[in-house]
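Remarks on the overall topology
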Amino acid sequence: AQSVSQHNHHVILSEAASLELGCNYSYGGTVNLFWYVQYPGQHLQLLLKYFSGDPLVKGIKGFEAEFIKSKFSFNLRKPSVQWSDTAEYFCAVTSSGNTPLVFGKGTRLSVIA
Amino acid sequence: DTAVSQTPKYLVTQMGNDKSIKCEQNLGHDTMYWYKQDSKKFLKIMFSYNNKELIINETVPNRFSPKSPDKAHLNLHINSLELGDSAVYFCASSQLRGHETQYFGPGTRLLVL
């Protein structure tokens, strides 16, 4: 079965600091990878996704993620965080067919002024 | 217009009661999902329907019964509510099964007393 690991449970950064959130998955076949964000009290929104092609994908709000197949990783990055980036970030993976979207346990990001 | 809507937004009820949560999507998507997010923010798929047909049914107690009257609606009925059912329930939809981007509703916060 697929699984997703997000190593950081809670990350606290100052504004303008750089961000990298780790995500590793366990599945040997072709995967589709996602990062979702959940702002406080809100629903999940898609930040970015990787299906195929360029392994460096750019998403909304200055986020990007790099798919490294050999490391089974899809880490999320942002060069300079803002207070408004405070949220819960979820990595998710699925493969072809009817397999469900499997989420990691989330990383809470707190950005302080 | 809201793409994926859920009602009610909040639901407080006593143990043993039966309750329903409704979900509607106006995106023209074929597939809809129910997720449960527990107090630790962990998101887990419960059900998935494609064109009114059940395609994913994870290990969920049979007190939970989804119903899809048409492909734009997926309702969740819960019988004999238990304390452990307290969570946020998210509905989502996607154009195709599983491996496409999913769009989430605002969530229904259920509290069982």
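Here the structure is a predicted model, which is why all the values come from computation and not from measurement.

The rules behind each value
- Residues numbered from 1 in each chain as written.
- Chains lettered and ligands numbered in written order.
- Predicted model: local features only at pLDDT ≥ 70, side-chain atom pairs only at ≥ 80, totals over all residues.
- Heavy atoms only, no water.
- 1 Å grid on protein atoms, 1.4 Å probe; cavity = no way out; pocket = protein on both sides within 12 Å on 5 of 7 lines; lining within 4 Å.
- Points joined across faces, edges and corners; volume = space filled by probe spheres on them.
- Helix = DSSP H or I, 4+ residues; strand = E, 2+ residues; numbered from the N terminus.
- Nonpolar A, V, L, I, M, F, W, Y, C, P; charged D, E, K, R; others polar.
- pLDDT = per-residue confidence, 0-100.
- Contact = heavy atoms within 4.5 Å.
- Salt bridge = Lys/Arg side-chain N within 4 Å of Asp/Glu carboxyl O.
- Polar contact = N/O pair within 3.5 Å; in protein donor to acceptor, adjacent residues only side chain to side chain.

**Some details on the layout of surface pockets**
Roughly 340 Å³ of volume is contained in the largest pocket. If you trace the largest pocket, you find 24 residues lining it, with A:Gln38, A:Gly41, A:Gln42, B:Lys41 and B:Arg109 closest to the centre. Among the secondary structure elements, those contributing two or more residues to the lining of the largest pocket are β10 (87–95) and β12 (107–112) of chain A together with β9 (87–94) and β11 (108–112) of chain B. If one sorts the elements of the lining of the largest pocket by residue count, β12(A) sits on top with three residues. Partitioned by chemical class, the residues of the lining of the largest pocket number eight nonpolar, 10 polar and six charged.

**Some details on the confidence of the model for chain B**
Residues of chain B with pLDDT of at least 70 account for 96%, and the chain-wide mean is 91. When pLDDT is averaged over each element of chain B, strand β3 (residues 19–25) of chain B comes out on top at 97 and strand β6 (residues 53–57) of chain B at the bottom at 80.

**Some points on the interface of chain A and chain B**
With 23 residues of chain A at the contact, the number on the chain B side is 20 residues. Counting across the chain A and chain B interface gives zero salt bridges. The interface formed by chain A and chain B includes three residue pairs in polar contact (both at pLDDT 80 or more). Broken down by secondary-structure element, the contributors of at least two residues to the side of chain A that touches chain B are β5 (31–38), β6 (44–50) and β10 of chain A. Tallied by class, residues from the side of chain A that touches chain B come to nine nonpolar, 11 polar and three charged.

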